[in-house]
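Take a look at the letters that make up each chain.
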Amino acid sequence: MAKPQRPEALRELKTEELQQKLVVLQEERFRLAFRRGTEAISNPLQFRTMRRDIARIKTILRERKGA
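Bear in mind that the values here come from a model prediction, so they are computed numbers and not experimental data.

(A) Expanded view of the overall build of the protein. Of the regular secondary structure elements, the protein holds three helices and zero strands. Reading the protein from its N end, one meets helices and strands in the order α-α-α. Principal-axis analysis of the C-alpha atoms gives the protein an extent of 45 × 15 × 15 Å. Relative to its 67 residues, the protein shows a buried fraction of 22%. Put simply, the protein shows about 5,300 Å² of open surface, and 51% of that area lies on carbon and sulfur atoms. Put simply, the protein has 17 plus and 9 minus side-chain charges, and the middle of one group is 6 Å from the middle of the other.

What follows is the structure in structure tokens.
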């Protein structure tokens with residue numbers, strides 16, 4: 001399981017890097033959800049970590065857009 005991303009570390013990334021990371025996380029979350037439908041997931045807490053990382057990235061992107 002991947003560790004949650006720290007907001008400070010995410011803020012240091014460029015906007016393009018954040019957008020790429022967001023796409024990768026959303027794709028990974030989709031695949032994990034699809035697998036959950038067909039087989040048992042070893043660590044269901046991955047969903048929470050991914051969801052929160054996606055929210056952190058979206059928040060930072062939204063802050064940058066407004067500034």
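Right, picking up where we left off after that structure.
(B) Region of interest: the environment of Thr15. Tracing the backbone through its elements, the reader meets Thr15 in helix α2 (residues 15-38). For Thr15 and Leu61, which are 46 residues apart along the polypeptide, the C-alpha to C-alpha distance reads 7.0 Å. Ignoring sequence-local partners within four residues, the contact set of Thr15 consists of Leu61 and Arg64.

(C) Representation of the confidence of the model for the protein. Overall, the prediction assigns the protein a mean pLDDT of 90, with 96% of residues at 70 or greater. Per-element confidence in the protein is highest for α2, whose mean pLDDT is 94, and lowest for helix α1 (residues 7-11), whose mean pLDDT is 87.

(D) Molecular detail of the packing of aromatic side chains. Scanning the entire structure with this criterion turns up one aromatic pair. Against the face of Phe47 rests Arg36, its NZ or CZ located 4.3 Å from the ring centre.

Conventions and cut-offs
- Residues numbered from 1 in each chain as written.
- Predicted model: local features only at pLDDT ≥ 70, side-chain atom pairs only at ≥ 80, totals over all residues.
- Heavy atoms only, no water.
- Helix = DSSP H or I, 4+ residues; strand = E, 2+ residues; numbered from the N terminus.
- Buried < 20%, exposed > 50% of the residue type's maximum accessible area, 1.4 Å probe, protein only.
- Areas by Shrake-Rupley, 256 points an atom, 1.4 Å probe, with all protein chains shown as cover.
- Lys, Arg positive; Asp, Glu negative; His and termini not counted.
- Charge placed at Lys NZ, Arg CZ, Asp CG, Glu CD.
- Contact = heavy atoms within 4.5 Å.
- pLDDT = per-residue confidence, 0-100.
- Phe/Tyr/Trp six-rings, centres within 6.5 Å; stacked < 30°, edge-to-face > 60°.
- Lys NZ or Arg CZ within 6 Å of the ring centre and 35° of its normal.

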